[in-house]
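Breakdown of the fold
Spelled out, the chains give:
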Amino acid sequence: MILYFDELDSTNAYCMREARKLDDRTLVVARAQSAGRGRRGRSWHSPARQNFYGSLLLKPPFGKARIEHLPQIAGLAVLDAVLDFDLQSAWLKWPNDVYVGTKKLAGILAECSVQGPGDEALVVGIGVNLNMGLDDFDRIDRPATSVRYETGRDVDLEPFAESLRAALLTWYDLAQDDPDELHRHWVESSPLIGKEVEIAATTDTYTGIVRAIEKDGAIVIELPDGRQERFHNGDVSLNAAP
Ligand code: BTN
């Protein structure tokens, strides 16, 4: 089921508040967000009727809640949904972003709501820049792009939401049945292995070569002294598109 709202504070916040009442696999979509949330405490620019802002609520069977799969599921689903608009050059930038070239097209925020034992819900929030243009890009603190800017095609919200939800559920089912296969697709779509990156981790920034992206979502970076460090979170930057 897809629920549409003209405006919410944040589709993630709504799903977390209403987790008990919402059915498994409900996609909550807002045409605007007054308090869109990004990763690492950032806000998410959410101008009205320009973009996709939505969150999928999942209630996996007890013990099957794997939050680390959500960015993989959502990233791959966004790639599928934008392919419908012939946007083939999108790629997944670890851990949670979808880029075209050196510009961000979509962001993903996974959260977990635990109300009690056996009563847990996962929420994966996705913001995809659909029709936003240069005026709005200027209001974002890092380079951004949109499907329309890249392809010249207007995107209607409702068909986009339907195709994104279908892709999300396909990848979610694969995550339950064959997580190794999900991981294989995610790594294939994340062309970072072998590249030099800078990673702003929780406290420090490191530079090194990406050696692996592991099943639990960690990235392995070889530092200049040869040591390999694993990171579960952080912002990766590259000098050029991969
Ligand atoms: C990021 O890249 O920082 C993650 C951005 C996630 C934004 C989406 S928009 C829909 C959902 N609701 C929110 O408040 N955030 C996510």
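Located above this text is the structure these notes cover.
My aim in this report is to walk through the structure given alongside it, one point at a time. (Residues numbered from 1 in each chain as written. Predicted model: local features only at pLDDT ≥ 70, side-chain atom pairs only at ≥ 80, totals over all residues. Heavy atoms only, no water.)

**Digging into the sheet that holds strand β1 (residues 2-5)**
Read across the open sheet, the seven strands follow the order β1-β2-β3-β7-β6-β5-β4; overall the sheet is mixed. Looking along the sheet, the strands with just one partner apiece sit at the ends: β1 and β4 (90-93). Neighbour to neighbour, the strand axes of the sheet diverge by 20° on average, direction disregarded. Pairing of strand β2 (residues 26-30) with strand β3 (residues 52-58), which is carried by five bridges, proceeds in the antiparallel orientation. (Pairing = 2+ DSSP bridges. Helix = DSSP H or I, 4+ residues; strand = E, 2+ residues; numbered from the N terminus. Axes fitted to C-alpha atoms, helices over the stretch in contact; angles between N-to-C directions.)

**As for the pairing of strand β7 (residues 119-128)**
The element β7 is largely enclosed, with a buried count of eight among its 10 residues. For β3 and β7, the ladder comprises seven bridges, and the chain directions are antiparallel. Looking at β7, one finds that Gly 54 is bridged to Ile 126. Pairing of strand β6 (residues 103-116) with β7, which is carried by 10 bridges, proceeds in the antiparallel orientation. Bridge pairing in β7 places Cys 112 opposite Leu 122. (Buried < 20%, exposed > 50% of the residue type's maximum accessible area, 1.4 Å probe, protein only.)

**A few points about the pattern of salt bridges**
Tallied over the entire structure, the rule returns 24 salt bridges. Between Arg 153 and Asp 86 there is a salt bridge whose closest N-O contact spans 3.5 Å. Of the two residues, Arg 153 sits in the loop between α4 (147-151) and α5 (157-177) while Asp 86 sits in the loop between α2 (70-83) and β4, which places them 67 residues apart along the sequence. Given the relative accessible area of 36%, Arg 153 is considered partly exposed. Taking the shortest distance from any N to any O, the salt bridge between Arg 184 and Glu 181 comes out at 2.8 Å. Within this pair, Arg 184 and its partner Glu 181 are both found in helix α6 (residues 179-188), separated by three residues, close to a single helical turn. (Salt bridge = Lys/Arg side-chain N within 4 Å of Asp/Glu carboxyl O.)

**Details of the packing of α2 against α5**
Contact geometry for α2 and α5: axes closest at 8 Å, N-to-C directions at 140°. The pairing of α2 with α5 is recorded here as oblique in orientation. Judged by the sense of rotation from one axis to the other, the crossing of α2 with α5 is right-handed. On α5, the residues that touch Ile 73, Ala 74, Leu 76, Ala 77, Val 78, Asp 80, Ala 81 and Val 82 of α2 are Phe 160, Ser 163, Leu 164, Ala 167, Leu 168, Trp 171, Tyr 172 and Ala 175. Tallied by class, residues from the contact of α2 with α5 come to 14 nonpolar, one polar and one charged. (Parallel < 35°, antiparallel > 145°, perpendicular 65-115°, else oblique. Left-handed = near helix turned anticlockwise from the far one by under 90°. Contact = heavy atoms within 4.5 Å. Nonpolar A, V, L, I, M, F, W, Y, C, P; charged D, E, K, R; others polar.)

**So, the site of the ligand**
As a structural note, the neighbourhood of the ligand is formed by 20 residues, with Ser 10, Gln 33, Arg 37, Arg 39 and Lys 104 the closest of them. Here a nitrogen atom of the ligand sits 3.1 Å away from a polar atom, N or O, in the side chain of Thr 11. A distance of 2.7 Å separates an oxygen atom of the ligand from a polar backbone atom of Arg 37. Computed on the free molecule, the ligand has an accessible area of 420 Å², of which 99% lies beneath the protein chains in the complex. Counting only elements with at least two residues in the shell around the ligand, the list comes to α1 (11-17), β3, β6 and β7. (Near = heavy atom within 4 Å. Polar contact = N/O pair within 3.5 Å; in protein donor to acceptor, adjacent residues only side chain to side chain. Areas by Shrake-Rupley, 256 points an atom, 1.4 Å probe, with all protein chains shown as cover.)

**Considerations on α6**
Listed as buried for α6 are Leu 182, His 183 and Trp 186. Seen from one end, α6 has its buried residues packed into an arc of 100°, which puts them on one side. At its buried positions, α6 is contacted by α2, β4, α5 and β9 (205-213). (Arc of directions from axis to C-beta.)

**Quick look at α2**
The first and last C-alpha atoms of α2 sit 20 Å apart over 14 residues, in line with the 20 Å expected at 1.5 Å per residue. Among the 14 residues that make up α2, 12 are buried, leaving the element largely enclosed by the rest of the structure. Along α2, the positions that sit buried rather than exposed are Leu 70, Pro 71, Gln 72, Ile 73, Ala 74, Gly 75, Leu 76, Ala 77, Val 78, Leu 79, Ala 81 and Val 82. (Expected span 1.5 Å × (residues − 1).)

**Describing the environment of Ile 199**
Within the secondary structure, Ile 199 is located in strand β8 (residues 196-200). On the accessibility criterion, Ile 199 (0% relative accessible area) is buried. On a C-alpha basis, the gap between Ile 199 and Gly 125 in space is 23 Å, while along the polypeptide they are 74 residues apart. If sequence neighbours within four positions are ignored, Ile 199 has contacts with Trp 94, Asp 204, Thr 205, Tyr 206, Ile 219, Ile 221, Phe 231, Asn 233, Gly 234, Asp 235 and Val 236.

**A word on the packing of α2 against α6**
The geometry of α2 relative to α6 is characterised by a closest axis approach of 10 Å and an angle of 55° between their N-to-C directions. As judged from the angle between their axes, α2 and α6 are oblique. For the crossing formed where α2 meets α6, the hand is left-handed. The residues of α6 that touch α2, namely those facing Pro 71, Gln 72, Ile 73 and Leu 76, are Leu 182, His 183, His 185 and Trp 186. The residue inventory of the contact of α2 with α6, partitioned by class, reads five nonpolar, three polar and no charged.

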